[in-house]
Amino acid sequence: NINALGIYNGLLVAAGEFTTAGGVDADKVAVWNGSFWSRLDFSLINGNVNAVAAFGTDLLIGGTFNNVGSITVNKVARWNNGWFSMGSGFDNTVYALAFFNSQLYAGGSFTVSGISSVKRIARWDGMRWVSLGAGIDDGAVYVLRIYGSTLAVGGSFTYIGGSSVNRIARWNGSSWGIIGSGFNNDVNA
């Protein structure tokens, strides 16, 4: 499966559960240069990749993996001519990555980063992952997208801070809000 597509340095990046792309070895992350697929790096990723995002000279990936090569990354990693961890990573799956107000956000089924509570959504402060308010009470976050001046968040969750949001909500940078009356089933994209 291909779980995510992104653009990095003008190249198409595909990420997912595959081990080959276009007949060449490409463990979970492959790059299309307009003519052929190639492997981003020769490090093995020990789980699936669900999300990709590019920021400046960095490519970010999130998923179910704990290691990239010999580096412990715990569900999220950064590539810049080599793989790097991002703080303590997360205790469970990352499904979505997005940039909002020049900051990186991650969504998934995780609840902890290191010793910090970051229930299902977190923001990278440059050194560690931090919570958005009290986080999301239940379910998981599957998608993050910019919507006007807010970050739209979709998934299987039904409550944020004890308030009903029915699988979709918005974050304005400091507080949560609803988007209509929500949905009766999961929001995946």
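Provided above is the structure to which this section pertains.
Remember, it's a predicted structure, so these values are computed and weren't measured experimentally.

## With respect to the pattern of salt bridges
Pairing is possible between side chains of opposite charge, provided their charged atoms come close.
In step 1: A full pass over the atoms with the stated rule returns six salt bridges.
In step 2: For Asp27, the salt bridge goes to Lys28, with nearest N and O atoms at 3.1 Å.
In step 3: On the basis of relative accessible area, Asp27 is assigned to the buried category, the value being 9%.

## Things to note about the sheet that holds strand β23 (residues 168-171)
In step 1: Overall, antiparallel pairing links the four strands, which are arranged β19-β20-β23-β24 in an open sheet. The sheet terminates laterally at β19 (141-147) and β24 (176-178), the two strands that pair on one side only. Going from strand to strand, the sheet's axes swing by 30° on average, the running direction of each strand aside.
In step 2: Sheet topology note: the strand β20 (residues 150-155)/β23 ladder contains four bridges and is antiparallel. In the strand pairing of β23, Leu151 is matched with Trp171.

Each value, and the rule that gives it
Residues numbered from 1 in each chain as written. Predicted model: local features only at pLDDT ≥ 70, side-chain atom pairs only at ≥ 80, totals over all residues. Heavy atoms only, no water. Salt bridge = Lys/Arg side-chain N within 4 Å of Asp/Glu carboxyl O. Buried < 20%, exposed > 50% of the residue type's maximum accessible area, 1.4 Å probe, protein only. Pairing = 2+ DSSP bridges. Helix = DSSP H or I, 4+ residues; strand = E, 2+ residues; numbered from the N terminus. Axes fitted to C-alpha atoms, helices over the stretch in contact; angles between N-to-C directions.

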